[in-house]
Amino acid sequence: MSSSPERARPQPLPELRGHGLHLRPWDPESRADAQVWLRGLTDPEFRRWNTPLRPVTDPDGARRSLRRGALRDTDGTGASFRIADAATGAALGHVGVNEIHPVLRRATVGYWVLPEARGRAVATRALLLAARWALTELGLHRLGLSHALGHEASCRIAGRCGFRYEGTMRGAVFAAGRRDAFRDAHLHARLATDPEPGPPPVTATATP
């Protein structure tokens, strides 16, 4: 494991493989990637739990959003991965390591899964891959994970991936569809020194 903050990049993002998944950087110039990104960020279930600072509502907005993410990938403040099925290449969703602070060696993580990919432990498997990379190859010490209060699926995913519950943050995130009201959020975190979580489900047919 790296212990040097200088390891928290500027190398290009790698492609990560494991648990039946293939994680690669998003391509802002790919029409297909922009369409997947737009579908994910306009999905009603995503909007139920997330209120983006910059809403994405059309293909041009999706490309602009992906380009902003690519800049963060390049400068080392973020790492954004497209989740795909390793066997078929079908797009399944997104997982990101965000707000990377190389000196304090900490970051946050986030993810979403397309509607047709839910119920197959995609988020669990992708988060295990991304977290291991961030805590070893990237040399980070702490990864935070937060979600709106009531999002039980995210609580379960956090637990399976070794992110311990640390408390409830009052008024920490926007209310659904609003920027003038707030709601509470659960905070989870995983440290590089925490025990390695167990493997994901072998058969991913009934878990988020």
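Here's a quick rundown of the structure. All figures in this text were calculated on a predicted structure; none of them were measured in a lab.

### A look at the pattern of salt bridges
Logical step 1: Inspection of the entire model under this criterion finds 14 salt bridges.
Logical step 2: Between R67 and E29 there is a salt bridge; the shortest N-O distance is 3.0 Å. Here E29 lies in the loop between β2 (21-25) and α1 (31-42) and R67 lies in helix α3 (residues 59-75), a separation of 38 residues in the sequence.
Logical step 3: Classification of E29 by relative accessible area gives exposed; the value is 55%.
Logical step 4: Put simply, R82 and D33 hold a salt bridge, and the shortest N to O gap is 3.4 Å. On the criterion of sequence distance, the pair formed by R82 in strand β3 (residues 79-85) and D33 in helix α1 is long-range, its members being 49 residues apart. The pair R82 / D33 is uniform in exposure class, with both members buried.
Logical step 5: Where salt bridges share partners, they join R24, D33 and R82 into one cluster.

### Some points on unusual backbone geometry
Logical step 1: In this structure, E99 is a non-glycine residue whose phi angle is positive, near 50 degrees.
Logical step 2: Residue placement: E99 occurs in strand β4 (residues 91-101).
Logical step 3: Even without a glycine there, the phi angle at A121 is positive, about 60 degrees.
Logical step 4: You can see A121 is positioned in the loop between β5 (106-113) and α4 (122-135).

### A word on the side chain of D85
Logical step 1: Position of D85 relative to the elements: it lies in strand β3.
Logical step 2: Relative accessible area serves as the criterion here: at 17%, D85 is assigned to the buried category.

### Thoughts on the environment of G61
Logical step 1: Looking at the element boundaries, G61 is found in helix α3.
Logical step 2: Residue classification places G61 among the buried positions, given a relative accessible area of 8%.
Logical step 3: Along the primary structure G61 and H22 are separated by 39 residues, whereas in three dimensions their C-alpha atoms are 25 Å apart.

### Concerning the sheet that holds β3
Logical step 1: Strand order in the open sheet formed by eight strands is β1-β2-β3-β4-β5-β6-β8-β7, with mixed pairing between adjacent strands. Strand pairing shows two members of the sheet lacking a second neighbour, β1 (16-18) and β7 (164-174), which therefore form its edges. The average undirected angle you get between the axes of adjacent strands in this sheet is 25 degrees.
Logical step 2: With three bridges connecting them, β1 and β2 associate as antiparallel partners. Looking at the pairing, R17 lines up with H22 of β2.

Basis of the calculations
- Residues numbered from 1 in each chain as written.
- Predicted model: local features only at pLDDT ≥ 70, side-chain atom pairs only at ≥ 80, totals over all residues.
- Heavy atoms only, no water.
- Salt bridge = Lys/Arg side-chain N within 4 Å of Asp/Glu carboxyl O.
- Helix = DSSP H or I, 4+ residues; strand = E, 2+ residues; numbered from the N terminus.
- Buried < 20%, exposed > 50% of the residue type's maximum accessible area, 1.4 Å probe, protein only.
- Pairing = 2+ DSSP bridges.
- Axes fitted to C-alpha atoms, helices over the stretch in contact; angles between N-to-C directions.

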